[in-house]
Amino acid sequence: MAKPKLAVFKFASCDGCQLTLLDCEDELLALADRIDIAYFLEATSRIDGGPYDLSLVDGSITTAEDVERIREVRARSKRLVTIGACATAGGIQALRNARDHAEMLSYVYARPEWVDALATSTAIARHVEVDFELRGCPISKQQLLEVISAFLHGRRPAVKSHATCLECKMKGHVCVVVAKGVPCLGPVTHDGCGALCPGWARGCYGCFGPSDAPQTSTLSRYYLAKGARPGQMKRLFSSFNADAEAFREEASRHGDD
Amino acid sequence: MQASAGGRMRIDVNGLDVLLRALADEGHELVGPRVQDGAIVLGPIRGVEDLPRGVGDEQTPGRYRLRARGDDALFGYAVPQHSFKKELLLPRVTLVRIRRGKTGAVVEAPPRPDRKVAFVGMRACEIAAVEVQDRVLRDGPWMDADYAARREQVFVLAVQCGAPSGTCFCVSMGTGPKAEAGFDLALTELLAPEHAFVVEVGTEAGRRILARVPRREATAEEEEAAARVVCDAAARMGRTMDTTNIRDLMMSNLEHPRWEDVAERCLGCANCTLACPTCFCTDVEDTTDLSGDEATRTRRWDSCFTFDFAYLHGGGVRPSLRGRYRQWLTHKVATWHDQFGTSGCVGCGRCITWCPVGIDITEEVAAIRATSATAERGG
Ligand code: SF4
Ligand code: SF4
Ligand code: SF4
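Calculation rules
- Residues numbered from 1 in each chain as written.
- Chains lettered and ligands numbered in written order.
- Predicted model: local features only at pLDDT ≥ 70, side-chain atom pairs only at ≥ 80, totals over all residues.
- Axes fitted to C-alpha atoms, helices over the stretch in contact; angles between N-to-C directions.
- Helix = DSSP H or I, 4+ residues; strand = E, 2+ residues; numbered from the N terminus.
- Parallel < 35°, antiparallel > 145°, perpendicular 65-115°, else oblique.
- Contact = placed C-beta atoms within 7 Å.
- Nonpolar A, V, L, I, M, F, W, Y, C, P; charged D, E, K, R; others polar.
- Domains from an automatic or database assignment.

Undergrad: Go over the packing of helix α9 (residues 258-265) of chain B against helix α11 (residues 321-340) of chain B with me, naming the residues and quoting the values.
TA: Residue and element names in this part refer to chain B. Close contact between α9 and α11 brings their axes to 8 Å; oriented N to C, the two are set at 105°. Looking at the two axes, α9 sits roughly perpendicular to α11. Contacts from W259, E260, V262 and A263 of α9 reach α11 at L321, R322, Y325 and R326. Its residues assigned to classes, the contact of α9 with α11 shows 5 nonpolar, no polar and 3 charged.

Structure (structure tokens):
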């Protein structure tokens with residue numbers, strides 16, 4: 001039986017999420033044994049035009065060309081999995097979605113007219129059908145391997161979408177909200193990082209985006225009552241997952257300060 | 001000085017250290033209180049030097065802070081975030097591994113846990129909580145083999161409570177502050193006139209280990225002072241819960257507007273259930289490795305607060321947060337009685353302190369009672 005073909009595509013991103021695949025040192029050989037890496041420019045110059053059994057897509061859609069290219073990728077992929085905050089929520093570059101893009105360009109580039117980009121940065125799922133979204137900035141190596149294993153063996157990935165607090169308690173971290181009064185996004189943030197920041201006595205930054213039932217307003221209301229400033233709440237919800245619906249809406253409820 | 005009538009022993013701080021080392025010497029891992037990350041946590045300890053000397057805690061809904069007590073108390077705090085549950089019902093445990101063998105599937109049950117452990121500083125409410133879990137996980141019709149095996153090898157070195165916090169209500173739940181049974185040895189810490197411990201012996205194993213420790217009989221004064229410690233603790237409960245007819249009260253108020261109200265404040269973050277020493281809900285996760293030659297089934301902590309916990313064909317049966325909070329509270333204090341013959345709450349206050357937004361179970365029950373649709377208002 002021919003090995004299933006894997007492809008890895010990049011859109012607007014820092015590449016960190018696709019590099020997670022190369023970071024799977026110990027498992028990489030087992031992976032290469034089971035699948036044929038047909039297209040992965042970060043790792044090999046070999047270009048196989050597809051079709052692919054599984055395509056991993058990192059990055060967001062930021063140009064008109066991207067819109068076309070992701071449709072082609074979709075057409076050549078049996079299964080398409082988006083990986084990382086850029087691909088699943090537009091990434092940090094989606095901060096421009098709520099601002100005047102032309103004005104931002106003029107601050108950053110000496111010759112803004114040379115830049116040919118859309119006014120928004122959007123998730124892949126807004127453009128084509130996606131089979132599974134793997135969250136995180138960056139994604140977790142374990143979860144990536146789990147998703148690939150699941151697709152290889154035709155089962156559902158064991159990836160939870162509940163709040164980060166579960167993993168935080170399972171790790172035995174002392175809650176920073178309760179013991180230090182630090183605002184933490186753990187209660188509304190999707191599982192996946194293993195509660196990394198609370199483990200270092202920091203509040204969660206929300207790198208994995210909203211959980212499946214995020215009570216963002218309830219959380220903000222509480223932190224504001226405890227002395228947080230509106231601008232602080234706005235910034236907390238305006239990072240790598242700024243364009244994920246629940247975070248975007250919550251950020252829009254607070255002014256700058 | 002008069003010898004005590006109860007024949008209790010008295011050891012000093014050095015004696016406690018000898019006791020701890022004797023337990024270790026007999027092959028027990030010691031799990032007890034120590035300071036870590038601005039809190040008292042239960043973790044591995046070696047001897048008296050690791051105990052939180054002079055450290056107390058302040059606990060109110062959604063808030064926990066350490067405080068300097070200004071004395072040398074070694075057990076002068078209330079209960080930590082995590083109970084001993086994490087040592088018996090592990091956050092994650094492998095249930096079975098199945099490998100593809102030459103002639104078929106090879107099923108590999110994980111080795112039975114073999115770990116002698118001493119729980120140091122266990123409080124009455126924590127003993128009560130373990131007994132609640134015993135009924136569910138060990139003595140009921142569906143025994144959890146991993147839990148039962150771990151439970152068998154526990155030595156309980158209890159400490160009678162002298163420092164309840166602002167969120168404690170064990171008196172209301174009838175579980176403390178004095179542990180009457182369920183321990184091998186129970187200490188009561190006395191700070192004056194000398195720093196010492198009055199020791200109660202609960203089991204033969206306790207008696208044997210105590211024989212290795214320098215001790216003398218406690219005096220009548222020391223026994224009295226020990227009795228006063230728990231008596232004072234009972235008078236300093238931070239909270240109360242009226243449990244009169246509580247089962248019927250809850251079950252006849254399933255449509256009470258308070259459920260809507262609490263859903264407006266609750267995050268559904270599950271912290272209450274994970275910190276609770278009696279909550280036992282878990283999920284089972286099946287995974288395969290990349291090669292597909294090995295499959296693993298893992299049991300992991302879960303909670304009735306997660307969106308997909310009650311996922312059945314087609315969706316979750318409790319999609320609203322109102323429904324999930326109501327499920328938790330009504331199970332804890334009402335239907336637990338139907339299922340297991342006791343309350344699921346021992347009054348330890350963890351769910352109140354460690355709720356990031358400070359939702360207070362005693363306040364929720366009181367609010368429902370105050371405006372109950374039926375006559376279950378109680379006394
Ligand atoms: S530290 Fe953050 S993630 Fe951890 S339990 Fe507290 S609120 Fe949740
Ligand atoms: S419900 Fe709350 S107070 Fe009762 S045993 Fe659980 S954590 Fe403790
Ligand atoms: S009661 Fe508190 S700890 Fe429990 S789920 Fe709600 S917000 Fe989280």
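Undergrad: Which residues make up the domain arrangement of chain A, and what are the values?
TA: Bring the parts together and some accessible area is lost; that lost area is often taken as the interface size. Residues and elements named next belong to chain A. Domains assigned within chain A are domain 1 (5-152) and domain 2 (165-252). Here the C-alpha centre of domain 2 lies 25 Å away from the C-alpha centre of domain 1. The partner domain 2 presents 13 residues to the 16 residues of domain 1 that form the contact. A per-element tally of the side of domain 1 that touches domain 2 places helix α4 (residues 84-89) first, with 3 residues. Residues of the side of domain 1 that touches domain 2, tallied by class, amount to 7 nonpolar, 8 polar and 1 charged.

Undergrad: Describe the domain arrangement of chain B, with residues and values.
TA: Residues and elements named next belong to chain B. Under the domain assignment, chain B is made up of domain 1 (9-91 + 98-235) and domain 2 (246-370). The straight-line distance from the C-alpha centre of domain 1 to that of domain 2 is 26 Å. In this assembly, 31 residues from domain 1 lie in contact with 28 residues from domain 2. Those elements that provide at least two residues to the side of domain 1 that touches domain 2 are β6 (92-100), α3 (124-138) and α5 (170-173). Broken down by element, the residue count for the side of domain 1 that touches domain 2 peaks at 9 residues, all from α3. The residue makeup of the side of domain 1 that touches domain 2, split by class, is 16 nonpolar, 10 polar and 5 charged.

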